[in-house]
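Below, each chain spelled out in residue letters.
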Amino acid sequence: MKKYDVTGIGNALVDIEFKVKDQFFIDNQVEKGLMTLVDEDRQNALMNVIDTAEAKKQCGGSAANTVIAVSQFGGKSYYSCKVANDELGKFFVADMKESGVENNLNPEKLEEGITGKCLVMVTEDAERTMNTFLGITQTYSVADVNEAAIKDSKYLYIEGYLVTSENGKAAMRYAKKLAEDNGVKVAMTFSDPAMVKYFKEAFDDVIGHSVDMLFANEEEAMLYTGKDNLKEAREELKKVAKHFVITQGKNGAMIYDGDTFIDIEPYSTTAIDSNGAGDMFAGAFMYGITNGHSYASSGKLASMASSKIVSQFGPRLQWHEAKDILARLNP
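I will try to describe carefully the structure that is included in this document. Note that this is a predicted model, so its numbers are computed, not measured.

The next subject is the sheet that holds strand S11 (residues 211-217). Overall, mixed pairing links the nine strands, which are arranged S6-S5-S1-S9-S10-S11-S12-S13-S14 in an open sheet. Of all the strands in the sheet, just strand S6 (102-103) and strand S14 (261-264) have a single pairing partner and so form its edges. Contacting strand S1 (4-9), strand S5 (77-80), strand S9 (153-159) and strand S10 (185-189), helix H3 (residues 62-72) crosses the sheet at an angle of about 165° to S5. Contacting S11, strand S12 (241-247), strand S13 (253-256) and S14, helix H11 (residues 295-310) crosses the sheet at an angle of about 30° to S14.

As structure tokens, this is what we get:
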């Protein structure tokens, strides 16, 4: 028996989420709908023009959201990441502990520096736009990878955002090889269309011959494969992933189980915030396939969970909401 269902590696950020009008992007020269890396001065400039009184603060990062979801559904997860010895770093450590996720962070031995922050701007059409200052998480490297946790996991889950730095990419490659050498399956998420658009060669380098599970949305799948329709893109993805999930927003999702394609129906919802929907889908799905559920059942659970996430503000379920969704799946 493995100690963990999923060990994740990725960025450690404190998400500061708030609502804006489209005019905000025009006034402040922000590209809507994408994750954009910014320096601290740029992020502080944006912070100075937003209403922080109603902002929601949580520990985040793409893979962090996913392993928290695994935990909330009742799975066992671990997160390897990096924060600084500052107020937000200590907030991150406490929030991760409260979320039931074991991790490599010792609050007594955090390095000096600045903890990364992600400004999540949500518009009335429910689209999320992110401006991220990575801070100390940009220095995440092989030294921060917990070998014992990976070896004692059913799956290693790798966040795509790590490809933006050489040390992050090296950590991805190292963790993947470590998992493969020890019979641990490897899952990866592309994380954002911008990552695929600007770092495709880096993804090719990390993926190598293949991964066991790949998560992508429609845009990412077509960008990565160079195809202009989903039918051709999914055939290309078979060459790099033994199994994969393509999320399709309001149209549900498509799962390749290694043999056939499974269409996952969407659940009716009123979307107000798409932030974290993909992370939640991955987390619920990873919980399912590591806890005895079929690919179809795991997809159904993930669809339920992500439809709930987009209907509320913030990327995380309440504990009772996760239990309610599981009860609906297994009445």
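Mapping Ser-71 onto the fold places it in helix H3. If we skip the residues at most four places from it in the chain, Ser-71 touches Ser-77, Ser-99, Gly-100, Val-101 and Trp-319.

Our focus in this paragraph is the packing of aromatic side chains. If you walk through the whole model with that rule in mind, you get twelve aromatic pairs. Through pairs of rings, three or more aromatic residues link up here, namely Tyr-157, Phe-215, Phe-285 and Tyr-295. The ring of Tyr-224 carries Lys-200 above its face, with NZ or CZ at 4.6 Å from the centroid. Above the plane of the ring of Phe-261 lies Arg-234, whose end atom (NZ or CZ) is 3.8 Å from the centre.

As summarised here, the arrangement of the five strands in space is S3-S8-S7-S2-S4, forming an open sheet in which the pairing is mixed. Unpaired on one side and paired on the other, strand S3 (35-37) and strand S4 (56-60) mark the two borders of the sheet. On average, adjacent strands in this sheet sit at an angle of 25° to one another, irrespective of strand direction. The sheet contact formed by S3 and strand S8 (residues 128-133) spans three bridges and is parallel. Considered in S8, the bridge of Thr-36 is made with Asn-131. Of the strands in this sheet, strand S2 (13-19), S4 and strand S7 (116-122) touch helix H4 (residues 87-98), which is tilted by about 75° from S4.

With that settled, consider the pattern of salt bridges. Across all of its chains, the model carries 19 salt bridges by this definition. For Lys-32, the salt bridge goes to Asp-22, with nearest N and O atoms at 3.0 Å. Separated by ten residues along the polypeptide, Lys-32 in the loop between helix H1 (22-28) and S3 and Asp-22 in helix H1 bring together distant segments of the chain. Residue classification places Asp-22 among the partly exposed positions, given a relative accessible area of 41%. Between Arg-173 and Asp-205 there is a salt bridge; the shortest N-O distance is 2.8 Å. In this pair, Arg-173 sits in helix H6 (residues 166-181) while Asp-205 sits in helix H7 (residues 193-207), placing the two residues 32 residues apart along the sequence. Each of Asp-22, Lys-32, Asp-125 and Glu-127 takes part in a single network of salt bridges with overlapping partners.

For Gln-29, which is not a glycine, the phi torsion comes out positive at approximately 50°. With respect to the element layout, Gln-29 can be found in the loop between H1 and S3. Non-glycine residue Ser-191 carries a positive phi angle of around 80°. Using a relative accessible area of 12% as the deciding quantity, one classes Ser-191 as buried.

With respect to the element layout, Thr-123 can be found in the loop between S7 and S8. Residue classification places Thr-123 among the buried positions, given a relative accessible area of 4%. Contact partners of Thr-123, with chain neighbours within four places excluded, come to Val-20, Lys-21, Asp-22, Phe-25, Lys-32 and Ile-272.

Conventions adopted
- Residues numbered from 1 in each chain as written.
- Predicted model: local features only at pLDDT ≥ 70, side-chain atom pairs only at ≥ 80, totals over all residues.
- Heavy atoms only, no water.
- Pairing = 2+ DSSP bridges.
- Helix = DSSP H or I, 4+ residues; strand = E, 2+ residues; numbered from the N terminus.
- Contact = heavy atoms within 4.5 Å.
- Axes fitted to C-alpha atoms, helices over the stretch in contact; angles between N-to-C directions.
- Phe/Tyr/Trp six-rings, centres within 6.5 Å; stacked < 30°, edge-to-face > 60°.
- Lys NZ or Arg CZ within 6 Å of the ring centre and 35° of its normal.
- Salt bridge = Lys/Arg side-chain N within 4 Å of Asp/Glu carboxyl O.
- Buried < 20%, exposed > 50% of the residue type's maximum accessible area, 1.4 Å probe, protein only.

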